[in-house]
Amino acid sequence: KKQGPDRWPSQFLSTMPRDYDDRDDDRNGERLSKDVQFINNGEAAFLIGKQGRTKRKLMYASGSEIEIHDPDKGGGESSRDLTLEIRGKREDLERAKMYIKLVLTQRQGPVYLDFDEMAERDDLTLLDVPAECAGYVTGARGVVLRAIEDEWGTIMLFVRNMAERDLDTGSKPRETLAIFGKDMRGRRGSELRVMSAVEEKVEGYYSSKATEYFSDREGFDTDTMKIHSDDYSYALGKRGNTRRKLAKASGCILEYIGGIAYMAGTKKERRRVKDYLGWLCEQRTSRVIVDVKGRDDVTTLNVPRDCISYITGQKGRSLREVEEKTDTFCFMDGDSTDRDTERLLIFGVEEEKRDDARRMIDDRIDDKLSGRANQRGYDRGYDDRDYGRYDNRDRRRGGRDDDRYRSRSRSPPPSRSKYDDRYHDE
């Protein structure tokens, strides 16, 4: 398949090089640098990617601005008639140049790096992946890694050690995945997502070495906590929906790798998601009582008892819909002494989204009290035996997190040059 058309759509290319002046060459008071290179259509295709995705990721991961200019000279795929401009702070510009070089090198074959030199970089995470899982975590034509890059703003590729180049026979028990990006949170999120996918295929590869750990560091770090086997599927949810909901509500990275919950973020974020996960698992067997005094991540709402069934919906679907739309975590407080109302707890890191959730639930309460709910059909499903269990999560042991954006192919890993589909059209 040809690597890109003769000319790229205007939303991806500027028609003429930009004229700069000194007023443009600063960002927050810092002088910006500029680098200009000439590339051909095939290289431009690879750097732009589907719908401009690769170009956007290169910009986000490096912190630089990247433009590809077309002076409209004509020419074929091999003609070097396109201009690649990179603009940003000096360290960001150098980072972008390296990422671009690596992405283009992928087209030709294996990518080799000096691992000793790379160890000094603050924008790189190296992860060992079992060789039999390389194709699985990559996905057909790179779809899985590309999706993880899209979510976390990173650049990911399999690499080999330059020091072993002369000894490279092409067959190794492990592959090395390089995760590049200026943002540590993005790299860690990408790393944990890949680890989770590997663990599904090779059980215990990472989790067998993991222990519970809770950091005292105020800044970004990772805590690990064991999940009881009886709670695992409940905490995961159907296709990983519950895990993702807790991550969004808390603002903390949350991944399950084997039976271990990895929680990555600031100390406040880690504590928040640990609370949410603990309350969630407690709901499975009992009522949950929460002391909300002093918390800045909760909004409360008193719900008339005769409206509870309606606002939760059948098997919790209505309340779950509110959570999904507002990135919140909601459940009924187990410590209710009022005969007429029960307290709904709405948790989430963003006050605006909690307010949105409250308004949505208030609207449902109004519908119920005004009689409009009866005209639309009554959602039954609340039961004291399921107090707080507003969700029909997948409770089967060994539930699977479908957040790998998976291709189910079990074929052997393709050659490195075919791992990536950056240049292919939609």
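As a reminder, the structure under discussion sits directly above these lines.
No experiment lies behind these values; they were computed from the predicted model shown.

Rules behind the numbers
Residues numbered from 1 in each chain as written. Predicted model: local features only at pLDDT ≥ 70, side-chain atom pairs only at ≥ 80, totals over all residues. Heavy atoms only, no water. Helix = DSSP H or I, 4+ residues; strand = E, 2+ residues; numbered from the N terminus. Buried < 20%, exposed > 50% of the residue type's maximum accessible area, 1.4 Å probe, protein only. Pairing = 2+ DSSP bridges. Axes fitted to C-alpha atoms, helices over the stretch in contact; angles between N-to-C directions. Contact = heavy atoms within 4.5 Å. Parallel < 35°, antiparallel > 145°, perpendicular 65-115°, else oblique. Left-handed = near helix turned anticlockwise from the far one by under 90°. Core = buried A, V, L, I, M, F, W, Y, C linked by side-chain atoms within 4.5 Å.

A. Up close: the side chain of Thr83. Here Thr83 is to be found in strand S5 (residues 82-88). Looking at Thr83, the relative accessible area reads 10%, which means it is buried.

B. Inspection of the sheet that holds strand S6 (residues 111-113) at higher detail. Pairing within the open sheet is mixed, and its 4 strands lie in the order S6-S8-S9-S7. The open sheet has two edge strands with one neighbour each: S6 and strand S7 (124-130). Ignoring strand direction, the axes of neighbouring strands in this sheet form an average angle of 45°. Examined bridge by bridge, S6 and strand S8 (residues 155-161) share 3 bridges and lie parallel to one another. Paired with Val111 across the bridge in S8 is Val159. Along the sheet face, helix H6 (residues 143-152) touches S8 and strand S9 (174-180) and points at about 125° away from the line of S8.

C. Up close: the packing of helix H12 (residues 317-326) against helix H13 (residues 351-370). Where H12 contacts H13, the axes come no closer than 9 Å and their chain directions differ by 150°. It follows from the interaxial angle that H12 and H13 lie roughly antiparallel. Crossing angle aside, the handedness with which H12 passes H13 is right-handed. Contact with H12, carried on its side by Ser318, Leu319, Val322, Lys325 and Thr326, involves Lys353, Asp356, Ala357, Met360, Ile361 and Arg364 of H13 and no other residues of that element.

D. Looking closely at the environment of Phe46. With respect to the helices and strands, Phe46 occurs in helix H1 (residues 41-48). Residue Phe46 is classed as buried on the basis of its relative accessible area, which comes to 1%. Residues Phe46 and Ile100, 54 residues apart in the sequence, show an inter-C-alpha distance of 9.7 Å.

E. Expanded view of unusual backbone geometry. Backbone geometry places Gln51, a non-glycine residue, at a positive phi of 55°. As for its placement among the helices and strands, Gln51 is situated in the loop between H1 and helix H2 (53-62). Residue class for Gln51 comes out partly exposed when judged on its relative accessible area of 46%.

F. Main features of the sheet that holds strand S13 (residues 298-304). Strand order in the open sheet formed by 3 strands is S13-S15-S14, with antiparallel pairing between adjacent strands. Strands with a single pairing partner mark the edges of an open sheet, and in this sheet they are S13 and strand S14 (329-332). Along the sheet, successive strands turn relative to each other by an average axial angle of 20°, direction set aside. Two elements, S13 and strand S15 (residues 341-347), share 7 bridges in a ladder whose sense is antiparallel. Of the residues in S15, the one forming a bridge with Asn302 is Arg343.

G. Seen up close, the nonpolar core. With 30 residues, the main nonpolar core has Leu47, Leu58, Ile68, Leu84, Ile100, Leu113 and Phe180 as its most contacted residues. Element by element, the count of residues in this core is highest for helix H3 (residues 90-105), at 8 residues. Contacts of Leu58, omitting those with residues within four sequence positions, involve Leu47, Ile66, Tyr99, Ile100, Val103 and Ile155. Core analysis: the second largest hydrophobic core is formed by 28 residues, Ile227, Ala261, Tyr276 and Phe331 among them.

Nothing here speaks to function; it is geometry throughout.
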